[in-house]
Amino acid sequence: MNYFLNLVIGGLTRGSIYALLALGYTMVYGIIELINFAHGEIYMIGAFTALIVALALSFLGLDGISILVIASLIAMVYSAAYGFTMEKIAYKPVRNSLRLSALISAIGMSLFLQNYVRLAQTSNFVPFPTLIPEMQFLQTLPVRINSAQVVILTTTAIVMVALTFLIKFTRIGKSMRAASQDKTMAMLLGVNVNRVISVTFVIGSATAALGGVLISSFTGQINFYIGFMAGIKAFVAAVLGGIGSIPGAVLGSFVLGLTESLGAGYISSDYEDVFAFAILIIILILKPSGLLGRPENKKV
Amino acid sequence: MLELKDVNTFYGSIQALKSVSMSVQKGEIITLIGANGAGKSTTLMTISGIVRPASGVVAFEGQDLGALEPDQIVATGICQVPEGRRIFPYLTVQENLDLGAYLRRDNAEIHKDLDYVFTLFPILSQRRHQAGGTLSGGEQQMLAISRALMARPRLLLLDEPSLGLAPLIVQQIFEILTQINRENGTTIFLVEQNAYMALRIAHRGYVMENGVIVLADAASALLENDEVKSAYLGV
């Protein structure tokens, strides 16, 4: 039983990180119907930014948690700027051409950012400082959960609630939903759709960066390539939940995280990625629009 | 109030509007009638800035709209109810109406306008928390008009509000359009295939064929015009 609970906690932790990333995929897809393949790179850039900031701050003698908070915030702002710029230079110019053009542009952006970080930083794994201090009381719990997992789970929960509130009740949230359903109509009502798209990229990039920082301080090392696999997995999670649907992305992420964790724990950890992609294939066969996705209805 | 001068609009190599000139005076109901594909919707989309004219001027109250983005055009006081209603299907009726008032900050006045559209179309207040996509065609048209009214436009553009609706509903909607025009002084630019209904409520009318304005006259005169009668009124 304890073993099972540990696997569940591990799965939820993974799921949280996937969710922070998958949100960006699904929101961007919801609005401009583009799979932003460079999204994983934003996450990686977030982790690197946090690493640099954390190293700088550690000279000032700050404690782990303050470093983590400041580094995360700076990483989020910095990555958001990357996301914003990326949309302007790589996606906006091709928005009205074939969908394939934007997709190729996204793949190009992904390769560009990976190699840019590789050249600017290093191609080796670099250690990421453990910024989250051990919490003593966790030792007394019957299940094994460490402080990093607690921080990851609570942060993700807070981000989800905040984002749900933003999308449901605020003016910008309503305009985002409107633009995702009918861009022309949104324009006809005075919505500046370019701005809505930029805001979407900014929010998605900031949450991706947050995920990057949190997971890195959990795993303890990063390199220029970490965004690739994480990006693909989060993409799977978004498709699993129904691409374009925000609750779907969250649900898909947790389903994926738990599948991987339980599969690795009970069957074999060598097949972890196999489980991830197998569940994608199964869902696509049984319900192509994803768990919470809306059936695709083509606009005339 | 609104002035189109020598407007030419293209879709790729196809010319949809050919040297179109027309004017709308403040407080009028103007109608533009014509067959399918004559360029009526393109005219409205050109005014709203969704399609850009290749040449010519669209001016609203003396201001050239050519340099403005669609959202800035809405801010000048023009709002369009497009063809097919285009209700946001997954937003509630209330949220659809909120988006109509997207550019406004005067909350007290927005509330007044909300009450006003609910008195025009009481059914909408009953459907308030229902998703827009679950409404019937007639209700969606009412919502589309109400949504545009929430912007408190000085010029209301309507693209075939009668499309696909039962005659009784069409009757009701056209009566409300005249009421809006009378009570608020909202200028209305109505594009219609249902020429008879449109000409009955309009002050003046334009007839468009293949992207060209072929006739312009008082609505009552167009109703008596032999060409209009045979081509559009089925008499």
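Residues numbered from 1 in each chain as written. Chains lettered and ligands numbered in written order. Predicted model: local features only at pLDDT ≥ 70, side-chain atom pairs only at ≥ 80, totals over all residues. Heavy atoms only, no water.

Trainee: Could you give an account of helix α7 (residues 167-184) of chain B, with specific residues and numbers?
Mentor: Since the α-helix advances by 3.6 residues per turn, residues separated by three or four positions end up pointing in the same direction. Residue and element names in this part refer to chain B. Look at α7: 26 Å from first C-alpha to last across 18 residues, which is about the 26 Å you get at 1.5 Å a residue. Those residues of α7 not exposed but buried are V170, I173, F174, I176, L177, I180 and N181. Across the axial projection of α7, the buried residues extend over an arc of 160 degrees, all falling on one side. Facing away from the buried side of α7 by over 90 degrees, the exposed positions are L168 and R182. (Helix = DSSP H or I, 4+ residues; strand = E, 2+ residues; numbered from the N terminus. Expected span 1.5 Å × (residues − 1). Buried < 20%, exposed > 50% of the residue type's maximum accessible area, 1.4 Å probe, protein only. Arc of directions from axis to C-beta.)

Trainee: Could you give an account of the pattern of salt bridges, naming the residues involved and the relevant values?
Mentor: All names here are of chain B. Here the structure, examined in full by the defined rule, presents 20 salt bridges over all chains. Put simply, K112 and E109 hold a salt bridge, and the shortest N to O gap is 3.0 Å. With K112 and E109 both in helix α4 (residues 107-120) and three residues apart, this pair spans about one turn of that helix. Taking the relative accessible area as the measure of exposure, K112 reaches 52% and is therefore exposed. For E109, a relative accessible area of 24% puts it in the partly exposed group. Between R152 and E109 there is a salt bridge, and its shortest N-O distance comes to 2.9 Å. (Salt bridge = Lys/Arg side-chain N within 4 Å of Asp/Glu carboxyl O.)

Trainee: Can you tell me about the confidence of the model for chain A, naming the residues and giving the values?
Mentor: On average, chain A scores 91 in pLDDT, and the residues at 70 or more come to 98%. Mean pLDDT values for the elements of chain A range from 89 in helix α11 (residues 272-286) of chain A up to 96 in helix α7 (residues 183-188) of chain A. (pLDDT = per-residue confidence, 0-100.)

Trainee: Help me get a handle on unusual backbone geometry, residues and values and all.
Mentor: Non-glycine residue E33 of chain A carries a positive phi angle of around 50 degrees. Along the polypeptide, E33 of chain A turns up in the loop between α1 (2-32) and α2 (39-58). Of the residues examined, E33 of chain A reaches a relative accessible area of 36% and is grouped as partly exposed. A positive phi angle is found at R86 of chain B, which is not glycine, with a value near 50 degrees. Counting through the fold element by element, R86 of chain B comes out in the loop between β6 (78-81) and α3 (93-100).

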